[in-house]
Every structure is written in structure tokens, then in C-alpha cells.
Number of protein chains: 2
Amino acid sequence: MKAIVHANISGLKGLTYEDISERAPGYGEVKVKLKAAGLNHRDLFIMEDRNEGESPLIIGSDGAGRIEAVGEGVFNLTIGANVIINPCIGWEMTHEVPSVPAILGGPSDGTFAEYVTVPATNVVSKPAYLSWEEAGVLPLSALTAYRALFTRGRLQQGEHILIPGIGGGVATYAMLMALAVGAKVSVTSRSETKRQAALSYGAEYAFDSHSNWKDSIGDDTVDLILDSIGPATFRQYFDIIKPNGRIVMFGASSGDQIEIPIRDIFFPQINIIGTSMGSSEEFTEMLQFMERHSLHPIIDKVYPLQDTIQAFHRMKLGDQLGNIGIRID
Amino acid sequence: MKAIVHANISGLKGLTYEDISERAPGYGEVKVKLKAAGLNHRDLFIMEDRNEGESPLIIGSDGAGRIEAVGEGVFNLTIGANVIINPCIGWEMTHEVPSVPAILGGPSDGTFAEYVTVPATNVVSKPAYLSWEEAGVLPLSALTAYRALFTRGRLQQGEHILIPGIGGGVATYAMLMALAVGAKVSVTSRSETKRQAALSYGAEYAFDSHSNWKDSIGDDTVDLILDSIGPATFRQYFDIIKPNGRIVMFGASSGDQIEIPIRDIFFPQINIIGTSMGSSEEFTEMLQFMERHSLHPIIDKVYPLQDTIQAFHRMKLGDQLGNIGIRID
């Protein structure tokens, strides 16, 4: 089959589009013929971290397609069924948090290929209202956003949430989901285009990350901040968060360390809440939530499989609003 | 009346034992004739922070005594009733967290005096099973420990809690309360005497804060860490905390800033939870909890009111296990 394979050279220069053998489903597994896939920043981190001596790896965590073959011990899935793939392997129940969940596309072979073989518990019926491309880009970022907002952030109708750095997949799903439950949503971005887009979706305030946040938010305050940036913006959160507010963290795009003023945590009784990916339970809940609110992913651009390397170059530029997709014929 | 008054000179050298006028209760207030009071580290911070030009202040947050006079609008309290004072002013309901709660003994006059005048909503019947001295040292640290453990930390029976730096009031109440609900409790201290004392109360592991924590805790892991130390110990927490674990912070004895490795928060889904003092609701619940479990404060030493300055010198040395009390005749 055709696939986007990463050799043991760090970064994008390790990528090739090539023929590679398919893997038949083992016990409890299914093989899926992919129709669409999606990019995540995680793919870039995985490629950066790979070293000499490691086996070739098919990149990609997100995908959707048709079941091509089922392994022994799989009784509830039939060949030809349309499915969407949950990339978090081995995390069934929400309350049983694994230390670091295993993810499709590193360590195990991913979705930028004609076929992928996964545990049967990791496929869910594709909602009919979504196109293949929408289903293909959705899994990891929508799951992360759903868990961050609701399981971990406990967002309620009428609360005010700030999403710094609108643009990437998780942030845009979080914006759509928060608006869907009747929260007030504010965003930051250095890009005027992205700020305007967020306002058109219904954001309350959209301001430049380099501005004075307290002024930009009209002296309003927020209940919940969804942080994926880290050190570059973290200090500003304490200027605008309410007492008892929550900061849910799922990323660290500006650095690995944050300095926290301890008294700004314990006097106003702030909660800093780490989150990452989500469980199978949450994956199913997330799809039901999206369908109930008729939410569609925001798709930035779709590339054919053989042009995946160009798709990654677009992601590296950081200009996209929403997900970058891959079409697999 | 006699009182321990702090003039506008920073630190302990601003303290004097002197005669000062009493204050009659205003609308909704009661005047309490104090029988006992207790020291908190907070008193030291308040005295350090006071500047030239500020009015003299009676120090002290903790106290218990008899109602001497009631103001207008107070119907549920009678003269002569034995009461324990809740030092958190203006925080009735647990879910309504004020930004920074007001506390007796700075900004308003405190308990190191023959009399104190407080809102009637801030006195609760003194549990009969406690001596005056036990009731006098209990309020602020037991309230802080109760909220930190149960409201904020959601400690459950069978969970493993670590209390770094056993010795001070909050930490010792937290140890007793956690043991009372059937949690496994471990502690750290640089003092062999304090470690031995903690083991005699039922602690599982008691180890030197300067040791390798992972080895010292027998490769066990913890669900909850009650942090009042901050930067000196914070990094070690990530070596021994379980995925989804909670770090409840109520103090910063080793510095104002902590550096946090972001990935150690979001991958294992750690929660960092600020807490401070507690509500009137929690104060009442805490007293009921203490009585139900027959918990008595651990009292380090009791001084007469006129020797309060010596009591503070003992606190500064840091040798105490439990609370330092003041007897007021």
C-alpha cells in the first residue's frame, strides 16, 4: 500500500511517500481502508524526536474509513462499515487515566496510508452527517478539546472561557463546543484574520496576544482558561481570572517550563488542571455531542496523500484556522 | 484591657504588651472575653509587612472565650455562652470564594487581648470535649487543613496522602484528619523528632526532606500532596505522584515562585489546587468532624498573654510540633 513513512532522520526531511506492506488484523483488531486523515502538531513532535536506529514509522493519528477485514474475537463490527478511528489506544474508562496514553502514529503505525490496523475497540461508527474529510480530521483534537472543556474544565452554560492562541485544531473545536453549550467565549491571536474569524463564529472578545489583556477584555474576568501556550502567556492569566477559576493545560507551544507566583494560586484558590487526549468513553460522548449540536470541524485545507509533506509545511507556518486534512483515494 | 499590640515597626520588634481601650459590639457583633488564643505563621507575615504610618494593631487570629456583650441585631447568642471564633470574616458559603478573605488580626484587631469584638456570624459554640487551650489554638489551622483535605483535595478513605514539612499547625491537623478518614499518610521533615512523632501518630512513611523521595517512600506513589513549602520541594512531587494526582497548595514557606515542568502536568493529568482558609460552613463542619472523630489539637507549648513575644520566638525557631497557645486569665 501507499503510505507516508518516516525514516530515522529527525524532522520533516525523514518523510517519504512509498509502498509498504499492509498488516493483517490480529486477535481483537480490525483493518480499515482509509478515506481521509488529518494532521496534528503531535505528528511534528513525533518526527522531531525520532532518532537513528528506529524502525520506519507511518505517521498520522487521525483517520476515518471503511472496515476492510476483521480479526478473530471481533463480533460487533462488519466488513464495509463506515468508521471513525479513536487514536488513544488502551484507555477505555474515563476515570482510569493512564500515565501517558499510547497513540496511533507513534509508537504504532498511523493513518497516513491506504490502510491502518487498530484494536476493534478503537473504531466507532462514523456519524452520517459528517463528510469523510470532516470525519478524518476530527478525532484527536476534538477528543482533547472535549475532555479539556467538560471532564476536566467542568465548563457550564453562562461561564466565560478564554482560549489563547485560536487557530489550531483543539482550540477551534473548543471554541465551537463552548459556544454550543452557551458559554461566553473569548480568544487571543496575533493574526487579525483569525481574530475576525473567531468573532464571526460568535466569540465575545478577540484580541492580540501582545496587548494588555486586562484592558482588551474590557475589565471582564474569566472562569476558565484553556492553555496550550505556556510561558509566553501564563502570567497574564492571573490578571483576568476569577477567584476559584480554572486553567486547563494541554500543551506548551512556547516552552517547557512555567514560573508560577504561588500566592496568586492559593489566595484566589486557582485550579491548574493538566489534560491530555481522552478515553474511549469520552470519544463516544464527544461524537454524540458534536452531532447533537450539528458541529462541523473547521477545515483549513485538504491535500491528497502524496502531498502530505506540503501539508506539514503549511502546518509549520502556523497560518491555518482549523484542521489540515488528507484525502486518500 | 491588656493586649499584644503591634506598632508600625516591621517584625517582632514592633510588639508590645500594653493597655488599650476595648471596643463595644456594633450592630450584628459580639464582644468575647478571651480565655485562650493561638499563634499562626500568618501573624509573623502580617508583622513583617506592616509599615510606618499604619495604626497600632492587635495581633492574633485564633481564640476562644465567653460572650461578654452582644450588639443590636444579634438574637441567637447569649451573654456567658462559651464560643470558639472563626477568624475568616465575610465568607459564609463554601462555594462563594472571596478573592482574599479578610482575617481577624490584620486588618482588624485580633485575639491576643483580654477581649475581641467580632461579627456574631463568626462565633460558634465551643465543643465541650475540648479544653479552653485546645479550642483557642484550633480555628485557622484546622479550618485550612479541613478545606484543603476535603473540599479542595477530595481525600478519600484508602488514598495515600503526603504532607511535606510536618510540624506546623495545618500540617499536623491534616495528618490527624487524614488518618481519621482511613487514608494512608506519609510525611517529611528535617527533624528526626518530628518524624518519630508522626510515626507514633500512625504515619506510614516519615522521611527526611533532603533524601531521595522516590526511594524513601518505598517506590510507593501518592494520590494527594498537601504543599505549604513551594520551590524547595515542588520538583520532587512529580517523582512520586500518581497519574491524575492532586497537589493542594496553601503556603509557600521556601519562596514565592515555583517552576513547573508543563509536560509533567498535562501528560499525567495532574491537578494543582490553590486553597486558603475556609468558609463559615466549613468551620462548622470542621468542628463536627473533629468531635465525631474525638480529635484533639497537638499542643506544643502554652504561654501566658504577657509572654506572647517569647512564644513568637519559639515559632520562628521552627522546632514546634503542633500549635503554640496563649493563656489569657
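Treat the numbers as computed from the prediction; the structure is a model and nothing was measured.

Q: Sorry if this is basic, but what is going on with the relation of the copies chain A and chain B here?
A: For the pair chain A and chain B, the best superposition has an RMSD of 0.0 Å and corresponds to a rotation of 180 degrees with a translation of 0.0 Å parallel to the axis. Classification of the inter-copy transformation places it as that of a two-fold axis. Taken as a fraction of all interface residues of chain A, those also at the interface in chain B reach 100%, which identifies the copy contact as same-surface.

Q: Sorry if this is basic, but what is going on with the packing of helix α1 (residues 41–49) of chain A against helix α10 (residues 308–317) of chain A here?
A: Between two packed helices, what matters for the description is the angle formed by their axes and the separation of those axes. All names here are of chain A. In the contact formed by α1 and α10, the axes pass within 10 Å of each other and the chain directions differ by 100 degrees. With respect to α10, the element α1 is oriented roughly perpendicular. The segment α1 lies against α10, with H41, D43, L44, M47 and E48 engaging F312, M315 and K316.

Q: In this structure, what is going on with the UniProt feature "transmembrane region" (unreviewed entry) in chain A? I would like to understand it.
A: The UniProt entry lists residues 161–183 of chain A under the feature "transmembrane region" (unreviewed entry), expressed in the numbering used here. Annotated as residues 161–183 of chain A, this span is 52% helix and 17% strand, and its ends, taken at the C-alpha atoms, are 7 Å apart.

Q: Quick question: what am I supposed to make of the interface of chain A and chain B here?
A: Interfaces are often described in size by the accessible area the parts lose on coming together. Counting from both sides, the interface comprises 38 residues of chain A and, opposite them, 38 residues of chain B. For the pairing of chain A and chain B, the buried interface totals around 3200 Å² over both sides, and the portion due to carbon and sulfur atoms is 54%. The largest share of the area that chain A buries against chain B comes from I262(A), F266(A) and Q269(A), three residues that together contribute 20% of it. The interface formed by chain A and chain B contains two salt bridges. Residue D256(A) is joined to R263(B) by a salt bridge in which the shortest nitrogen-to-oxygen separation is 2.4 Å. Our count for the chain A to chain B interface comes out at 21 residue pairs in polar contact (both at pLDDT 80 or more).

Q: So what exactly am I meant to see when it comes to the domain arrangement of chain A here?
A: Residue and element names in this part refer to chain A. In terms of domain boundaries, chain A breaks down into domain 1 (2–139 + 278–327) and domain 2 (154–274). Between domain 1 and domain 2, the C-alpha centre-to-centre distance is 28 Å. The interface of domain 1 with domain 2 comprises 16 residues on the first partner and twelve residues on the second. Carbon and sulfur atoms supply 71% of the area buried between domain 1 and domain 2, which totals about 1100 Å² over both sides. At the boundary of domain 1 and domain 2, one finds four residue pairs in polar contact (both at pLDDT 80 or more). In terms of residue count, the dominant contributor to the side of domain 1 that touches domain 2 is helix α9 (residues 280–292) (three residues).

Calculation criteria
Residues numbered from 1 in each chain as written. Chains lettered and ligands numbered in written order. Predicted model: local features only at pLDDT ≥ 70, side-chain atom pairs only at ≥ 80, totals over all residues. Heavy atoms only, no water. Least-squares fit on C-alpha atoms with pLDDT ≥ 70 in both. Contact = heavy atoms within 4.5 Å. Axes fitted to C-alpha atoms, helices over the stretch in contact; angles between N-to-C directions. Helix = DSSP H or I, 4+ residues; strand = E, 2+ residues; numbered from the N terminus. Parallel < 35°, antiparallel > 145°, perpendicular 65-115°, else oblique. UniProt positions renumbered as here; feature names shortened; annotations may be inferred. Buried area = accessible area lost by both parts, 1.4 Å probe. Salt bridge = Lys/Arg side-chain N within 4 Å of Asp/Glu carboxyl O. Polar contact = N/O pair within 3.5 Å; in protein donor to acceptor, adjacent residues only side chain to side chain. Domains from an automatic or database assignment.

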